[in-house]
Each structure stands twice: as C-alpha cells, then as structure tokens.
Amino acid sequence: MRLRVINAASDTIFTLALGGHRMTITHTDGHAVQPTEVDAFYIGMGERYDAVVTLADGVFPLVARPFGKTSGGQAMALIRTGPGAAPTAGVNPAELSGQVLIGSQLQPAASARLPDRKPDATARLDLQGSMKPYQWGINGAPFGSNEPLTVKAGQRLRITATNMTMMTHPLHLHGHTFALPSGLRKDTVLMAPMESLSIDLDADNAGDWMIHCHNIYHAEAGMMIALNYVA
Ligand SMILES: [Cu+2]
C-alpha cells in the first residue's frame, strides 16, 4: 500500500507510525528520494510524504502523535487486512520510539536533483521571534514591514535560512521547489531551533511569491517575507 500523507494542520508537527510495520519513504513534497526504510517519521505542517508498506494480516493502528506537545492525545486510523480486535485510541506503537526519520536527512533520487550550477545570487533569511511576547518575523520585521527578497528570472538563487528562535518552524516557499545541500528537493522543510540551512532554487516561475513559516499562526503574526521577481 502506498500511503500519501499530508500534514494539513495549522500548529502541529506529528510523528507518524503504522503499528507492526516499517515504512519505506519514496517521495517527499512530490519529489522522489532514495527509498528509505523507517519505523516512523516526523511531518511538519505543509509537508508531504509517500510511504510504501507491505501489510501484514490483521488490524493495525496508523498513529499521528503531536510532537512537542504535552496534551491533546493523538490521531488514529485503522488499517484492516484481516480479522482482529481494534486497538484502543491510546495505543502506543513501538515504532514511535524506534528510528524516527527527520525528512531533511533523506537523500534525493537522481531524477529529482537540480542540474549542477553555482548560484548567481544569494539572500539571507532569518526567522525571528518568540512566544512571549507573541511576535514573529523575518529579517528584522513582520511581513509588511520587512524588505522583500528579490530574484531575476533565470537565476539560481541561494537563500541561507537561519532559525534564530527556540522553536521548530516549517519553512515553506510558494511557486518553486528548492534543493537542500544534499540535493534533496523540498518546498517545506522543518528547521530546528538555531539551525541554519542553505536552499537553492531556480527562478523559473515569474511573479511575486511568499516564503513563510507553515505554522499558520506564526505566518499570520508576520513570519512571512515576499520573494519578488525583478527585471
Ligand atoms: Cu513558525
């Protein structure tokens, strides 16, 4: 079975596992990766993963557990291939405490790599803010007050993104996908507290685009910046 998992939540990173099974991750954000077997994986808001599983005989819990939250329970679906009793809603699959994949550590399939090329332009993107007071911004100010990033059509742009906060944020770019230093193609990447990451994109989709934290409350509070094409 191919599982296509989308984290459509506003504020919650999940750890996802299928009880009694390991999963082979084949794609993320629509791009092929080198197939990687895992017990469980993290999925940030806006991220997508494809996982292939060879199902055993019985009834199995597919569990999405909120990451980094102390209350709120967990989401569960059942996968049934044969007779058996359903697990309870509080079931704790061993896979959740097994080898949990951080998606940015996947390796790209050769077909998903950007062509080799040096960047024509560079930009900085600093994620900033705090819970108390509740204020979030990029490059020194909330969206509307910060200076848009710019790119010219046809350029390879390297954005050095740094998470200068003590929280994990899923960084999402509209209209393009980007390559991590490994070559992995993503359009949403989880950035751990104080993590720095360079992302390369080919400017092949003229327009004005958003880059934002995919915690939608953070985005609404200003954790966004424009990426504008200029002549
Ligand atoms: Cu955020």
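For clarity, every value in this text was computed on a predicted model and none was experimentally measured.

A separate point is the pattern of salt bridges. This structure, assessed with the given rule, holds 13 salt bridges. Aspartate 50 is the salt-bridge partner of arginine 2, the closest N and O atoms lying 3.8 Å from each other. Remark: aspartate 50 occurs in strand S6 (residues 48-52) and arginine 2 occurs in strand S1 (residues 2-6); sequence separation between them is 48 residues. Aspartate 126 is paired through a salt bridge with arginine 124; the nearest N and O atoms lie 2.8 Å apart. Its relative accessible area of 55% is what places arginine 124 among the exposed residues. When salt bridges with common partners are traced through the structure, they connect Asp29, Glu47, Arg48, Lys186 and Asp187 into a single cluster.

Below, the discussion takes up unusual backbone geometry. For residues besides glycine, phi is generally negative; the peptide bonds are generally trans as well. Cis peptide bonds are those with omega within 30 degrees of zero, and the linkage from lysine 132 to proline 133 qualifies with -5°. Assignment of secondary structure puts proline 133 in the loop between strand S10 (121-130) and strand S11 (135-138). Even without a glycine there, the phi angle at asparagine 139 is positive, about 55°. Tracing the sequence through the fold places asparagine 139 in the loop between S11 and strand S12 (149-151). For asparagine 139, a relative accessible area of 30% puts it in the partly exposed group.

Once that is clear, we can look at the sheet that holds strand S8 (residues 75-80). Taken together, the five strands give an open sheet; going across it, the order is S8-S7-S2-S5-S9, and neighbouring strands pair in mixed fashion. On the outer flanks of this sheet lie S8 and strand S9 (100-101), each paired with one strand and no other. Taken together, the four bridges between strand S2 (residues 14-18) and strand S5 (residues 40-43) define a ladder with antiparallel strand orientation. Bridging from a neighbouring strand, alanine 17 pairs with alanine 40 of S5.

Parsing the chain into structural domains produces domain 1 (2-110) and domain 2 (113-229). Summarising the inter-unit geometry, the C-alpha centres of domain 1 and domain 2 are found 26 Å apart. Tallying the contact residues gives 21 residues for domain 1 and 18 residues for domain 2. Considering only the side of domain 1, the residues that lose the most area to domain 2 are His31, Met45 and Pro108, jointly responsible for 29% of the buried surface there.

Reading the values: rules and limits
The written sequence of each chain sets the order in which its residues are numbered from 1. A pLDDT threshold of at least 70 governs which residues receive local features in this predicted model, and a stricter bar of 80 or more applies before side-chain atom pairs are shown or counted, although totals over entire chains, interfaces and linings include all residues. The basis for every side-chain value is the complete set of non-hydrogen atoms in the structure, without hydrogens or water. Put simply, a salt bridge is a Lys or Arg side-chain nitrogen that is within 4 Å of an Asp or Glu carboxyl oxygen. Secondary structure elements are defined from DSSP: runs of H or I of at least 4 residues count as helices, runs of E of at least 2 residues count as strands, and each element is numbered from the N terminus. With a 1.4 Å probe rolled over the protein chains alone, any residue whose accessible area is under 20% of its type maximum counts as buried; one over 50% counts as exposed, and the rest are partly exposed. When DSSP finds two or more bridges between two strands, those strands count as paired. Residue ranges labeled as domains rest on an automatic or database domain assignment. We call two residues in contact whenever any of their non-hydrogen atoms come within 4.5 Å of each other. Summed over both partners, buried area is the accessible surface (1.4 Å probe) that two parts give up on being assembled.

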